[in-house]
Amino acid sequence: MPSPAPINRIVVADPVALADAAAKRLMARIEANPDRIAICLTGGSSPKQLYRLLVTEAYAKQIPWDRVHWFIGDERFVSPADPLNNMAMARGIFLDRFAPKDHIHPIPTDVATPEESARLYERELQSFYGAKELDPARPLFDLMLMGIGPDGHTASLFPDYPALNETKRWVVGVPQAHVEPFVPRVSLTLPALASCCEMLFELAGNEKRAILARLSTDESLPANRARSLGETVLLVDQAALGG
Ligand code: 6PG
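Residues numbered from 1 in each chain as written. Predicted model: local features only at pLDDT ≥ 70, side-chain atom pairs only at ≥ 80, totals over all residues. Heavy atoms only, no water.

Trainee: Describe the side chain of T189, naming the residues involved and giving the relevant values.
Mentor: Here T189 lies in the loop between β7 (185-188) and α6 (190-194). Setting aside chain neighbours within four positions, we find T189 in contact with L157, E166, R169, W170, V171 and V172. (Helix = DSSP H or I, 4+ residues; strand = E, 2+ residues; numbered from the N terminus. Contact = heavy atoms within 4.5 Å.)

The following block contains the structure:
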């Protein structure tokens, strides 16, 4: 397996500039692929400003909605309509207005356990991809959006969680979260997250300062281990840098 390229850190002024830069990168990934496009979204608060930009006329008109499929990198194990549900947040802000229903691929949470949900989503990803093994030469996603939590988690891969070492499975159930909301989660694994042309982390605000400093070391945090087999970019604003 090829080793990932170093992370490309891009510093922007503030959260508005950050969302703008993320939207431009998303458009560039869409333009680079004339066929079917797969974008994996993230939850939390970091991507909300980006999602709000995508409903503005400037972006909504440019996105070829009939060619783009929307996935989610991790989910809180709550009902699909619960405001804590990551895909519900993305649907509410932009997807339900523009994306064809069958192009929205939520992690199913109306099942008995996070483990069952993980198995079903893995099957869905494999059927979309057309194979059960990921080929490093053929990424599953064009773009993978990511956030970083205060403990260095990313998606729902928390520090020291055994599934961080998963090499075969694409999706796992996560019985316990380390941070709020304290609900079980379902998460893509590091190899599935890595299978993308670009992994784009967004990090903004004073409260991210401490974790950003830890990310600059070799500490074995999930967010330091999640890397694209293509390009990995960290968009960071001045407040997170301490500027
Ligand atoms: C979730 C996320 C999680 C999130 C980080 C950052 O379901 O909570 O997907 O990984 O991206 O915790 O969260 P914020 O963007 O809210 O800081």
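Trainee: Give me the lowdown on the sheet that holds strand β6 (residues 171-174), citing residues and values where you can.
Mentor: If you trace the three strands from one edge of the open sheet to the other, you get β4-β7-β6, paired in antiparallel fashion. The outermost strands of the open sheet, each flanked by one partner alone, are β4 (74-76) and β6. Between one strand axis and the next, the sheet turns through 15° on average, direction left out of account. One ladder, built from four bridges, connects β6 with β7; its direction is antiparallel. Among the inter-strand pairings, V172 is bridged to a residue of β7, identified as S187. Running over the sheet, helix α5 (residues 114-129) touches β6 and β7 and is turned about 165° from β6. (Pairing = 2+ DSSP bridges. Axes fitted to C-alpha atoms, helices over the stretch in contact; angles between N-to-C directions.)

Trainee: How would you sum up the packing of aromatic side chains? Please name residues and give values.
Mentor: Throughout the structure, instances matching the rule amount to eight aromatic pairs. Consider the rings of F71 and F128, whose centres lie 4.9 Å apart with planes at 70°: the pair is edge-to-face. You can see F71 sitting in strand β3 (residues 68-72) and its partner F128 sitting in helix α5, a full 57 residues away along the chain. For F71, a relative accessible area of 0% translates into the label buried. An angle of 80° between the planes, with centres 5.8 Å apart, marks the rings of Y129 and W170 as edge-to-face. Of this pair, Y129 sits in helix α5 while W170 sits in the loop between β5 (141-146) and β6, and the two are 41 residues apart along the sequence. W170 gets classed as buried once you look at its relative accessible area, which sits at 2%. Here the aromatic cluster, defined as three or more aromatic residues joined through ring pairs, consists of Y51, W65, W70, F94 and F98. Of note, R36 hangs over the ring of F128, and the distance from its end group to the ring centre comes to 3.5 Å. Its end group placed over the ring of Y129, R138 keeps NZ or CZ at 3.8 Å from the ring centre. (Phe/Tyr/Trp six-rings, centres within 6.5 Å; stacked < 30°, edge-to-face > 60°. Buried < 20%, exposed > 50% of the residue type's maximum accessible area, 1.4 Å probe, protein only. Lys NZ or Arg CZ within 6 Å of the ring centre and 35° of its normal.)

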